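A structural walkthrough
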Amino acid sequence: MTKMAILVSGRGTNMVALAQRCFSGDLKADISFVASDKKDALGIKKAREMGFETIILPYNEGMARAEEHLNEKILSQSVEWIVLAGFMRILSSDFVGKYRDKIVNIHPSLLPAFPGTSAIKDSFEYGVKVTGVTVHLVDELMDHGPILSQREVRVEDSDTLESLEEKIHEAEHDLYWRTLKELFSGRYRKKGRRMIIEGPY
Ligand code: GAR
C-alpha cells in the first residue's frame, strides 16, 4: 500500500476528505502520519480523532530543525509521498530537492493565477468569472510546480465569498483524491513542465 504523510496548518477538511477515500478503498494509500506547524490546528485535532499519528513540527526552533524532524519521521516510516493540504509554509529548497516530485500541493485557484495564502478572496475580489482548483507538484517556488490537474469553478453573479469558498472546497475534496490515485499508480510522465497521463484514457 502506498504510504503518504499529510501536512496541514488549518481546518484539515482536505485531509479528512482524503482519509475518507483511504478508508473506503477509493484511494489505495495509507496515511502514515499527519503533521502540522501549528499545535492548535483544527486539522490536527481531527487527525487525532480519526486515529492517525500526529506530529507538531518545531518551527519555533527554526525551519531547519522542523524539516529535520519531518525528514526523520518520513524515513523511519518509509513514507513515499508528502501531501500538502492547506500547509501554509514554504519548504526549503534543500527539502524540496531531497523529495523532488514526491511532494504534492492543492491550491484554491487556477494557477498561475492567484498564488498565495488568500487565493479565493483574491480571485473573488478581482472579479473573475471562472476560477477553480489546482493540484501540482511542489518545487522551490510558491504555488508554482508542474500542474497535475485543474478543475474550473464558475463564479455566478449571485455568489458571495462564502458560497464561492464552499464550491471551491467541494471541488478540492473531489479532485485531490482522484489526482493522487493517478499519481500513485505511476501513470504521470513529465514532459518539461507538462505532466501527462499515459493512456489508455
Ligand atoms: C485549501 O483551500 C487549500 O487549497 C488551501 O488552503 C485550504 C486548506 O483548507 N491551500 C493554499 O492556499 C495553499 N497555497 P483545509 O485545511 O480545510 O483543507
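The protein chain goes by Phosphoribosylglycinamide formyltransferase in an unreviewed UniProt entry, where it is assigned to Acetomicrobium hydrogeniformans ATCC BAA-1850. You can read under Sequence similarities (unreviewed entry) in the UniProt record for the protein chain the words "Belongs to the GART family." According to the UniProt record, the Pathway (unreviewed entry) comment for the protein chain reads "Purine metabolism; IMP biosynthesis via de novo pathway; N(2)-formyl-N(1)-(5-phospho-D-ribosyl)glycinamide from N(1)-(5-phospho-D-ribosyl)glycinamide (10-formyl THF route): step 1/1."

Turning our attention to the overall build of the protein chain. Regarding its fold elements, the protein chain presents six helices and nine strands. Relative to its length of 201 residues, the protein chain is compact, with a C-alpha radius of gyration of 16 Å against a globular reference of 17 Å. Considered along the principal axes of its C-alpha atoms, the protein chain spans approximately 50 × 45 × 35 Å. The burial tally for the protein chain puts 48% of its 201 residues in the buried class. Contacts spanning at least 24 positions in sequence make up 62% of the contacts within the protein chain whose residues lie at least 6 apart. Approximately 10,100 Å² of the protein chain is accessible, and the part contributed by carbon and sulfur atoms is 51%. One finds the centroid of the 28 positive side-chain charges in the protein chain at a distance of 4 Å from the centroid of its 30 negative side-chain charges.

Right, let's talk about helix 2 (residues 42-49) for a bit. Here helix 2 has its buried residues at G43, I44 and A47. All buried residues of helix 2 lie within an arc of 100° about the axis, which places them on one face of the element. Contact partners of the buried residues in helix 2: strand 1 (2-8), helix 1 (13-24), strand 2 (29-36) and strand 3 (54-56). Two residues or fewer past helix 2, G51 is found with a positive phi of approximately 90°.

Attention now moves to the UniProt feature "site: Raises pKa of active site His" (unreviewed entry) in the protein chain. Under the UniProt annotation, the feature "site: Raises pKa of active site His" (unreviewed entry) is placed at D143. If you trace the backbone, D143 turns up in the loop between strand 6 (130-137) and strand 7 (147-154). The residues contacting D143, other than those within four sequence positions of it, are N105, H107, L111, P115, G116 and H136. Among the polar contacts listed, one links the side chain of D143 to the side chain of H107, at a separation of 3.4 Å.

Further remarks concern the nonpolar core. Of all hydrophobic cores here, the largest spans 43 residues; its most connected members are M4, I6 and L180. Sort the elements by how many residues they give to this core and helix 6 (residues 161-184) lands first, with 10 residues. Apart from residues no more than four positions distant in its own chain, L180 is found in contact with M4, L18, L27, V83 and V104. Formed by 20 residues, the second largest nonpolar core is a distinct cluster that contains Y59, L84, L91 and V96.

Our next topic: the side chain of H107. The topology assignment puts H107 in strand 5 (residues 103-107). Setting aside residues no more than four positions away along its own chain, H107 makes contact with F114, P115, G116, A119, G132, V133, T134, D143 and E172.

Taking every second residue as pointing to the same face, both faces of strand 4 (residues 81-84) are buried, with W81 and V83 on one and I82 and L84 on the other. Across four bridges, strand 1 lies against strand 4 in parallel orientation. Of the residues in strand 4, the one forming a bridge with L7 is L84. Where strand 4 and strand 5 come together, three bridges link them in parallel fashion. Looking at strand 5, one finds that L84 is bridged to N105. Handedness of the crossover joining strand 4 and strand 5 through helix 4 (residues 93-98) is recorded here as right-handed.

Calculation notes
- Residues numbered from 1 in each chain as written.
- Predicted model: local features only at pLDDT ≥ 70, side-chain atom pairs only at ≥ 80, totals over all residues.
- Heavy atoms only, no water.
- UniProt positions renumbered as here; feature names shortened; annotations may be inferred.
- Helix = DSSP H or I, 4+ residues; strand = E, 2+ residues; numbered from the N terminus.
- Rg over C-alpha atoms; globule rule 2.2 N^0.38 Å.
- Buried < 20%, exposed > 50% of the residue type's maximum accessible area, 1.4 Å probe, protein only.
- Contact = heavy atoms within 4.5 Å.
- Areas by Shrake-Rupley, 256 points an atom, 1.4 Å probe, with all protein chains shown as cover.
- Lys, Arg positive; Asp, Glu negative; His and termini not counted.
- Charge placed at Lys NZ, Arg CZ, Asp CG, Glu CD.
- Arc of directions from axis to C-beta.
- Polar contact = N/O pair within 3.5 Å; in protein donor to acceptor, adjacent residues only side chain to side chain.
- Core = buried A, V, L, I, M, F, W, Y, C linked by side-chain atoms within 4.5 Å.
- Pairing = 2+ DSSP bridges.
- Right-handed = clockwise from strand over helix to strand, strands pointing away.

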